[in-house]
Amino acid sequence: MAAYDHKKIEKKWQERWEASQAFRAVEDTTREKNYLLIEFPYPSGEGLHVGHVRSWTALDVVARKRRAQGKNVLYPIGWDAFGLPAENYAIKTGIHPKIVTKQNTDNFRRQIKALGISFDWSREVNTTDPAYYKWTQWIFLQLYKNNLAYKAKIPVNWCPKDKIVLANEEVIDGACERCGTLVEKREKEQWMLAITKYAQRLYDDLDTVEYIERAKVQQKNWIGPSEGAEIDFEIADTKKKIKIFTTRPDTLFGATYMVLAPEHPWLAEELAKSQPGIENAEEVRAYITEAKQKSDIDRSAEGKEKTGVELKGVSAINPATKENIPLFVADYVLGNYGTGAIMAVPAHDERDGEFAAKFHIKSKDVLEPFYTQTTEPGKVREGEPYDHRDAIIAVVKHWKEEKYIALRWKEVAWGTFITGGIEKGQTAEEAAKMEIREETGFLTPELVTDYGLVHGLFYHVPKKVNRFAHARALVFKLKDNSQDAVAAEEAARHEVVWLTIEELKKFLTPDTHLHILRLMTGTQGPFTGEGILKDSGDFTGLTSEEAKKKITDAVGGTWVKTFKLRDWVFSRQRYWGEPIPMIYCEKDGWQPVPEDQLPVTLPEVEKYQPTDTGESPLAAMEAWVATTCPTCQGPARRETDVMPNWAGSSWYYLRYTDPANTKEFASQERLTHWTPVDWYNGGMEHTVLHLLYSRFWHKFLYDIKLVPTAEPYMKRTSHGLILAEGGEKMSKSKGNSVSPDTIVETYGADSLRLYEMFLGPFDQPVAWNTPAIIGVRRFLERVWKLEVGDTPASAAVETLLHQTIKKVTEDIENLKMNTVVSSLMILLNALEEQPSVSQDVYKIFLQLLAPLAPHLTSELWEKAGFESEVTVQPWPQFDASKILATTVPVAVQVNGKLRATIELSPTAGEEEALSAARADAQVQKWLVLGKEVKAVYVAGKIISFVIRQV
Ligand code: ANZ
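Heads up: these notes are all about the structure in this document.

### Things to note about the overall build of the chain
No. 1: Helix and strand counts for the chain come out as 29 helices and 41 strands.
No. 2: Over its C-alpha atoms, taken along the principal directions, the chain stretches across nearly 95 × 85 × 50 Å.
No. 3: Counting across all 950 residues of the chain, residues that qualify as buried make up 53%.
No. 4: As presented, the chain carries roughly 41900 Å² of accessible surface, and 51% of it is formed by carbon and sulfur atoms.
No. 5: For the chain, the separation between the mean place of its 118 positive charges and that of its 133 negative charges on side chains is 1 Å.

Next comes the structure, spelled out in structure tokens:
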């Protein structure tokens, strides 16, 4: 048999698929449609990255399998081709970005085709093609006509090196995402898209789609809904009122100063007066100028030294206490969040606490801490009543050593300080001394510190009730070791132990006791949780929850909902983007370009460099800029800003359904057939912006009845990065990147595909490992040499075959590609042990391998003389009756006693077995009683844990 010549085979099949348009999607309503999508690439000059190969091969495997399962699959590709690299290259070389883009897309196309990915090439789209961006502009006009696009003068992030305005999300740690230069703030007129109007829906509808959890959480955090109160604070001796936004109106009585953002309009107004009320106007002005240069992210960074200036000569009035409080300007308050002004509560907010300490502002504690136990043991039983109890928590220090008394409970896995109720007529101190005496026998406690009240809601396990304990936290020191005997019933309930601070940190169970420990060690800081109000007038004694709205109402505030999400800055002062189709007329103001004049195409320019005033290079093209007003026909000027990169990628998946349509961005019929996208795979770096922006456009198009569903993507997964050998990020500049071309040339596309699927769990980052690709190549060579004959499959092979069909079928759907490959390797081992492989078994084996290694399997299928081609065969079905019991019962012991029996796969390894046992509810009940010190698995028989009581 001839050797496995991947070059010849791969070329042959790629040409054949190309000629027959094998993967072209046709709208076939008789089959279930299935739309699979990968993020279309930016065609960079560096060519394809092995990371692209990972994502695209994985969905290619899904696409090929689902086609074999009879689905009407659409798996398209295109180019997200506007962007800075091509433009920066043009600035350097003078070569038009169009030319560079063409070269790069040609190169990408060649590289992708050499991988045998089953894209439908007939639907290729390119965001820089006027026939495409005509519709990007058209969608912009619809947004404009629906009041979702507007122009505003706003402080923007300005990269002095790239000379470009950056969206907040393009600023990383205060620097330009692309070039790392520190970003400045500038005021500029910008086109904005009102994505905030969709904030609530973008948030809520995440519950209707199947995205990986991390992606959902990131989007939710980015949207950042926040509920709270807007409350007016009066400037003393004026009628002026300034609104603050707070999520914690329950702390209003503790607001000891007020802060305005440097951008707050009242400051500008006041400072513009010839005689400002602010006495230190100069100092304040200087501070404002300085603050405006910093990015929001820098300003709100945790742990950063707080800065600010007191506004001398003016003060504010706390509407609850009516006290005069100092007024500051400080940059930790942002101009574009909430109302740009806050009430500051040093006792209950970290940042205010830091600021107040630095500026010597008084702090007023208005909350007693309140903890609801949310973890076992002692987790509150929802819906059951609770009893109130006045109690003490007593910390007792050793007479000589740095040790404290703690109790280890016997009926429940609790570790606590001494605690008990206060009887009628007793003071807290008396009650505490009595408890100390009863529970430990010690006779000489002396009170050292009184930390006041701590409230805890928990389930009292021995007493079987929810308990709301209002406990006074008292610290005592023993004078000496005099001690009485302890009653037997007390000793039966808990054991007395002496522990150091470090030991207590691990030992204590209830949150309230841990709170006291933090107070003792000075690590508590402002109490930022919810509590019970104190020193708060009529509201004293209420819980935070109860007080929030009551206090808001009492001071005439309003309850509001806000979001962190900001409107989308849509203008870029660059060349290589879609011109924004707007015209400015002195008489009629901003006018949309009439739709029949779309696209507004990019003119040829001489220089691509943005101007120093920050205007686009288009601004210098007088002939292009000068136009007529669509309304009055008088002279007018075109908008010279272009759209951001995110525009074309916000709707490309819609265009794939109908890429050649010249009348609409896509026909209703095509959209109804293909959308929504069933499965979208892409990088984690695009979870927040790209997904959010395209979901916003989609929802808008849905509202104007142009797309059939409210969400664009039903399912979203993400691949892990491929790192260089050694674990660093692959990059051309570091010289550690691997080119797919070289690998395809040396080992073949099938080897590369299989290798990337075998690398490790799909969603995890993995390091490139050249020896492993040689291993994969050997596997394919063994497949190539497999002897086909007439040996009937043994019962064992038959079972394994059906198990493998089941596993491969299921694992592909879950993107567990590494185990797909390993199970095919196991099957091959078994097949090789037989003298030959029967035709039936061989066929199935090739079919299962075909989505991963389509060239090799197509060739072998043909060589074996089977009908048609392997890629068009219906997907093999497994026979359940041929799959033996796939689990065995395994006993689980804790400290030598049988506590549960769990079902495990006979091939489960130790780690898998132990974690399955730890996850079992029955087993858990016993494990929580102590600390695990040993765990053993005897394969297929028994798991044994040894725990030690703490
Ligand atoms: C008083 C207070 C007391 C607050 C307290 C918190 C705790 P989220 O949840 O992120 O919405 N804040 C309001 N506007 C701000 C702005 N423009 N820049 C910086 N901080 C601002 O946060 C809302 C809280 O952040 C608000 O509640 C306010 O501080 C602060 F014990 O008001 B709080």
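### A closer look at a nonpolar patch on the surface
No. 1: A cluster of nonpolar residues, Tyr89, Ile95 and Ile99, forms a patch on the protein surface that exposes about 250 Å² of accessible area.
No. 2: As for its position among the elements, Tyr89 is in helix H3 (residues 84-93).

### So, the site of the ligand
No. 1: Taken together, 17 residues form the shell around the ligand, and within it Ser226, Thr246, Leu334, Tyr337 and His348 come nearest.
No. 2: Between the ligand and Ser226 there is a distance of 2.5 Å, counted from an oxygen atom to a side-chain nitrogen or oxygen.
No. 3: In the complex, 87% of the free accessible area of the ligand, which totals 650 Å², lies under the protein chains.
No. 4: Of all the secondary-structure elements, those providing two or more residues to the shell around the ligand are strand E12 (241-246) and strand E16 (341-344).

### A word on the sheet that holds strand E33 (residues 715-718)
No. 1: Read across the sheet, five strands follow the order E2-E1-E32-E33-E10 without closing on themselves; strand pairing throughout is parallel. Every interior strand has two partners, whereas the edge strands, strand E2 (72-74) and strand E10 (210-211), have only one.
No. 2: Where strand E1 (residues 33-38) lies against strand E32 (residues 679-682), three bridges are found, and the strand directions are parallel. Across the sheet, Leu36 pairs through a bridge with Trp679, a residue of E32.

### Topic: the sheet that holds strand E27 (residues 568-569)
No. 1: Strand order in the open sheet formed by four strands is E6-E5-E9-E27, with antiparallel pairing between adjacent strands. Looking at the sheet topology across the chains shown, the edges are occupied by strand E6 (164-166) and E27.
No. 2: The pairing of strand E5 (residues 149-159) with strand E9 (residues 184-193) spans 10 bridges and is antiparallel. Across the sheet, residue Ala152 finds its bridge partner in E9, namely Gln190.
No. 3: Its contacts with the sheet put helix H5 (residues 130-145) on E5 and E9, and the angle it makes with E9 is roughly 90°.

### Re the pattern of salt bridges
No. 1: Per the counting criterion, the structure on display carries 60 salt bridges.
No. 2: The shortest N-O distance in the salt bridge between Arg248 and Asp250 comes to 2.8 Å. By the burial criterion, Arg248 is buried, and Asp250 matches it.
No. 3: Notably, a salt bridge pairs Lys362 with Glu323, separated by 3.2 Å at the nearest N-O pair. Residue Lys362 is located in the loop between helix H11 (350-359) and strand E17 (367-372), and its partner Glu323 is located in the loop between strand E14 (309-317) and strand E15 (324-329); the two are separated by 39 residues in the primary sequence.
No. 4: A relative accessible area of 49% places Lys362 in the partly exposed class.
No. 5: Judged by its relative accessible area of 35%, Glu323 falls in the partly exposed class.

### Here's the deal with the packing of aromatic side chains
No. 1: What the rule picks out here adds up to 51 aromatic pairs.
No. 2: Seen in terms of ring centroids, Trp13 and Trp17 are 6.3 Å apart; in terms of plane orientation they differ by 45°. Their pairing is tilted. Here Trp17 and Trp13 lie together in helix H1 (residues 6-20), a separation of four residues that amounts to about one turn.
No. 3: Between Trp568 and Trp697, the ring centres sit 6.3 Å apart and the planes meet at 45°, which makes this aromatic pair tilted.

### Comments concerning empty space enclosed by the protein
No. 1: One pass over the full model with this rule turns up three cavities of 30 Å³ or more.
No. 2: Here the largest cavity defines a volume of roughly 120 Å³.
No. 3: Gly83, Arg572, Trp576, Met643 and Asn645 are, among the 15 residues lining the largest cavity, the residues nearest its centre.
No. 4: For the lining of the largest cavity, the per-class residue count stands at seven nonpolar, three polar and five charged.
No. 5: Estimates place the volume of the second largest cavity at around 80 Å³.

### Describing helix H12 (residues 428-440)
No. 1: Compared with an ideal rise of 1.5 Å per residue, which puts 13 residues at 18 Å, H12 spans 18 Å between its outermost C-alpha atoms and is within 8% of the ideal.
No. 2: What H12 keeps buried is the set Ala428, Ala431, Ala432, Glu435, Ile436, Glu439 and Thr440. Taken down its axis, H12 places every buried residue within 135° of arc, on the same side.
No. 3: Phi turns positive one or two residues past the end of H12, at Gly441, with a value near 85°.

### Quick word on the nonpolar core
No. 1: Core analysis: the largest hydrophobic core is formed by 84 residues, its most contacted members being Tyr75, Phe779, Phe845 and Leu849.
No. 2: Contact partners of Phe779, with chain neighbours within four places excluded, come to Leu754, Leu824, Met825, Leu828, Phe845 and Leu849.
No. 3: Membership of the second largest hydrophobic core comes to 78 residues, among which are Leu74, Leu206, Leu654 and Val688.

### Details of the side chain of Thr444
No. 1: With respect to the helices and strands, Thr444 occurs in the loop between H12 and strand E22 (445-460).
No. 2: Under the relative-accessibility criterion, Thr444 is labelled buried at 17%.
No. 3: Among all residues touching Thr444, those that are not within four sequence positions of it are Lys477, Leu478, Lys479, Asp480 and Ser482.

### Considerations on the environment of Trp679
No. 1: When you line up the elements, Trp679 lands in strand E32.
No. 2: When its relative accessible area of 1% is taken as the criterion, Trp679 is described as buried.
No. 3: In this structure, the C-alpha to C-alpha distance between Trp679 and Glu545, residues 134 residues apart in sequence, is 42 Å.
No. 4: Once residues within four sequence positions are removed from consideration, Trp679 is found in contact with Tyr35, Leu36, Leu37, Leu59, Val62, Arg66, Lys715, Thr717, Ile812, Glu813 and Leu815.

Conventions used here
Residues numbered from 1 in each chain as written. Predicted model: local features only at pLDDT ≥ 70, side-chain atom pairs only at ≥ 80, totals over all residues. Heavy atoms only, no water. Helix = DSSP H or I, 4+ residues; strand = E, 2+ residues; numbered from the N terminus. Buried < 20%, exposed > 50% of the residue type's maximum accessible area, 1.4 Å probe, protein only. Areas by Shrake-Rupley, 256 points an atom, 1.4 Å probe, with all protein chains shown as cover. Lys, Arg positive; Asp, Glu negative; His and termini not counted. Charge placed at Lys NZ, Arg CZ, Asp CG, Glu CD. Patch = residues over 30% accessible without salt bridge, like charges linked within 9 Å, V, L, I, M, F, W, Y side chains within 5 Å. Salt bridge = Lys/Arg side-chain N within 4 Å of Asp/Glu carboxyl O. Near = heavy atom within 4 Å. Polar contact = N/O pair within 3.5 Å; in protein donor to acceptor, adjacent residues only side chain to side chain. Pairing = 2+ DSSP bridges. Contact = heavy atoms within 4.5 Å. Axes fitted to C-alpha atoms, helices over the stretch in contact; angles between N-to-C directions. Phe/Tyr/Trp six-rings, centres within 6.5 Å; stacked < 30°, edge-to-face > 60°. 1 Å grid on protein atoms, 1.4 Å probe; cavity = no way out; pocket = protein on both sides within 12 Å on 5 of 7 lines; lining within 4 Å. Points joined across faces, edges and corners; volume = space filled by probe spheres on them. Nonpolar A, V, L, I, M, F, W, Y, C, P; charged D, E, K, R; others polar. Expected span 1.5 Å × (residues − 1). Arc of directions from axis to C-beta. Core = buried A, V, L, I, M, F, W, Y, C linked by side-chain atoms within 4.5 Å.

Just geometry here; none of it tells us what the structure is for.
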